[in-house]
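What follows is each chain in one-letter form.
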Amino acid sequence: MQRLLAYAVLSAAALTRGGAYELPPLGYEYDGLEPSIDKATMTIHHDKHHATYVANINKAFEGTEQPRLEELQKTAIQRGPAFRNSGGGVYNHDLFWLEMAPAGKR
């Protein structure tokens, strides 16, 4: 239940005041999951891969109002691949970082 609450807080913070989605901070050190996942993999996955999903969903919504991530998931398939892939990628990665947190950080 705490993880769901943490995700709700994270998701509420996913939009800036101007309406664009943001890459959330990792919340722990990049080497925090070693030896399971190494620092280089975490850095690339968060700073490049997840950041690309954020940039692409912002581009897809350019000039329009952006819904909260939970709302976007309800219409992402109908809106098309850019919304499904990038919006889903942002949603999944936001949740992924919470679920993969080091022991005691969840």
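All values reported here derive from a predicted model rather than from experimental measurement. (Residues numbered from 1 in each chain as written. Predicted model: local features only at pLDDT ≥ 70, side-chain atom pairs only at ≥ 80, totals over all residues. Heavy atoms only, no water.)

Novice: I'd like a rundown of the overall build of the protein, residues and numbers included.
Specialist: Within the protein, the regular secondary structure consists of four helices and zero strands. Helices and strands in the protein line up, N terminus first, as α-α-α-α. Across the 106 residues that make up the protein, the buried fraction comes to 33%. Restricting to contacts in the protein with at least 6 residues of sequence separation, those with at least 24 account for 60%. In the form shown here, the protein has an accessible surface area of approximately 6,700 Å², with 56% of it arising from carbon and sulfur atoms. (Helix = DSSP H or I, 4+ residues; strand = E, 2+ residues; numbered from the N terminus. Buried < 20%, exposed > 50% of the residue type's maximum accessible area, 1.4 Å probe, protein only. Contact = heavy atoms within 4.5 Å. Areas by Shrake-Rupley, 256 points an atom, 1.4 Å probe, with all protein chains shown as cover.)

Novice: Could you give an account of the environment of Leu26, with specific residues and numbers?
Specialist: For Leu26, the location among the structural elements is in the loop between helix H1 (2-12) and helix H2 (39-60). Take Leu26: its relative accessible area is 9%, and that puts it in the buried class. C-alpha separation for the pair Leu26 and Asp47, spaced 21 residues apart in sequence, amounts to 9.2 Å.

Novice: Give a description of the packing of aromatic side chains that names residues and reports values.
Specialist: Applying the stated rule across the entire model yields three aromatic pairs. Look at Phe61 and Phe83: their rings are 4.9 Å apart centre to centre, the planes differ by 75°, and that puts the pair in the edge-to-face class. Taken together, the positions of Phe61 in the loop between H2 and helix H3 (69-79) and Phe83 in helix H4 (residues 81-99) put the pair 22 residues apart, joining distant regions of the chain. Each member of the pair Phe61 and Phe83 is classed as buried. Ring geometry for Phe96 against Trp97: centres 4.7 Å apart, planes inclined by 70°, an arrangement best described as edge-to-face. Accessibility expressed as a relative area gives 30% for Phe96, which makes it partly exposed. Pairwise contacts between aromatic rings join Tyr21, Phe61 and Phe83 into one cluster. (Phe/Tyr/Trp six-rings, centres within 6.5 Å; stacked < 30°, edge-to-face > 60°.)

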